[in-house]
Amino acid sequence: MNFKIKHKIPGRIRVHMGQSRMSFDQADTLQYFLEAIMPTCHETGIKMAIHQDDPPWDIFGIPRLLCDKESIGRFLHMVDDEYNCLCLCSGSLGANMENNVADIIRTYCDRIAFAHIRNLRHYPNGDFSEVSHRDCDGDTGILEIMRAYHDCGYTGYVRPDHGRHLWGEETHCRPGYGLYDRALGIMYLWGCWDMLERLDGKI
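None of the values given here were measured: they were computed from a predicted structure.

A. Fine view of the pairing of strand S6 (residues 119-122). Pairing of S6 with strand S7 (residues 128-131), which is carried by 4 bridges, proceeds in the antiparallel orientation. Following the sheet pairing, Leu120 is matched in S7 by Glu130. Counting the residues that bridge the hairpin from S6 to S7 gives 5 residues, and of these Gly126 lies at a positive phi of roughly 100°.

Here it is as structure tokens:
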């Protein structure tokens, strides 16, 4: 299949997209692709959900597109269609402590089709590691993230995303996808949801 760019933009005008830069050529290509598939998305009822850059800063010169609240807003405005959605990842965005993930959720909740929820702990030198989903084990703000989804009436898909390797999984587990920790994680997340429902008098 051959794709042709609909709009030709002279030169390589550079647009600031968070900590790195993305050329108009690349943004135009993405816009063309999304506009081209939207009719099929509507016809089939399939929502496209783009994941944020992980991590949200430049690596090996690869341009970043979705790394903070402002760049997400520009992306959604680029093709302002209810079928052009987000797979919002709290871990990817949370790697940059300047990102308020709960605020991003509240701002764009109606365009989030899939939620990846995981927790990070940051260290003074800027490093971070993935930790359990318990709010107190990290600094991503899991409780506020769950409150944001709940307050927005979110009904999309949720996954606990990544998991540590527990109880002997190290020898046969795909790195970052421990089964036991993800099972613990999703039950912790739903426990938070049930608490919010109870506080609202719904259960």
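B. Summary view of unusual backbone geometry. Omega for the peptide link from Asp54 to Pro55 comes to 0°, which places this bond in the cis form. Note on placement: Pro55 falls in the loop between strand S3 (48-51) and helix H2 (69-78). Of note in this structure, Trp167 is not a glycine but carries a positive phi near 55°. Tracing the backbone shows Trp167 in the loop between strand S8 (157-159) and helix H6 (179-199). Residue Trp167 is classed as exposed on the basis of its relative accessible area, which comes to 65%.

C. Representation of the environment of Leu65. Here Leu65 shows up in the loop between S3 and H2. According to the relative accessible area criterion, Leu65 is buried, its value standing at 11%. With 39 residues separating them in the primary sequence, Leu65 and Gln26 have C-alpha atoms 9.5 Å apart.

D. Representation of the environment of Lys47 within the structure. Within the element layout of this structure, Lys47 appears in the loop between helix H1 (24-44) and S3. Take Lys47: its relative accessible area is 44%, and that puts it in the partly exposed class. Once residues lying within four places of it in the same chain are set aside, the contact partners of Lys47 are Glu82, Tyr83, Cys85 and Ala113.

E. Expanded view of the packing of aromatic side chains. The tally for this structure, following the rule as stated, stands at 5 aromatic pairs. Relative to Tyr154, the ring of Tyr149 has its centre 4.8 Å away and its plane inclined at 50°; by these criteria the two rings are tilted. Judged by relative accessible area, Tyr149 falls into the buried class, the value being 2%. Overall, Tyr154 belongs to the buried group, its relative accessible area being 9%. Look at Trp190 and Trp193: their rings are 6.1 Å apart centre to centre, the planes differ by 90°, and that puts the pair in the edge-to-face class. Taken together, the residues span about one helical turn, with Trp190 and Trp193 both in helix H6 at a distance of 3 residues. With relative accessibility at 33%, the residue Trp190 sits in the partly exposed group.

F. Representation of the sheet that holds S3. Pairing in this open sheet of 4 strands is parallel, and the strands run S3-S4-S5-S8 from one edge to the other. This sheet does not close on itself; its edge strands, each paired only once, are S3 and S8. With direction set aside, neighbouring strand axes in the sheet form an average angle of 20°.

G. Structural detail: the packing of helix H5 (residues 142-151) against H6. Interhelical geometry of H5 versus H6 gives an angle of 55° and a closest axis separation of 10 Å. Judged by the inter-axis angle, H5 sits oblique to H6. The handedness of the crossing between H5 and H6 is right-handed. Between H5 and H6, the contacting residues are Ile142, Leu143, Met146, Arg147, Tyr149 and His150 on the first element and Tyr188, Leu189, Cys192, Trp193, Leu196 and Glu197 on the second. Broken down by class, the residue content of the contact of H5 with H6 amounts to 9 nonpolar, 1 polar and 2 charged.

H. Highlighting the pairing of strand S5 (residues 112-116). In terms of residue burial, S5 counts as a mostly covered element, since 4 of its 5 residues are buried. Of the pairings in the sheet, the one linking strand S4 (residues 84-89) to S5 comprises 4 bridges and is parallel in character. Paired with Cys87 across the bridge in S5 is Phe114. Note that S5 and S8 share 3 bridges and pair parallel. Along S8, the bridge assignment pairs Phe114 with Tyr157.

Reading the values: rules and limits
Residues numbered from 1 in each chain as written. Predicted model: local features only at pLDDT ≥ 70, side-chain atom pairs only at ≥ 80, totals over all residues. Heavy atoms only, no water. Pairing = 2+ DSSP bridges. Helix = DSSP H or I, 4+ residues; strand = E, 2+ residues; numbered from the N terminus. Buried < 20%, exposed > 50% of the residue type's maximum accessible area, 1.4 Å probe, protein only. Contact = heavy atoms within 4.5 Å. Phe/Tyr/Trp six-rings, centres within 6.5 Å; stacked < 30°, edge-to-face > 60°. Axes fitted to C-alpha atoms, helices over the stretch in contact; angles between N-to-C directions. Parallel < 35°, antiparallel > 145°, perpendicular 65-115°, else oblique. Left-handed = near helix turned anticlockwise from the far one by under 90°. Nonpolar A, V, L, I, M, F, W, Y, C, P; charged D, E, K, R; others polar.

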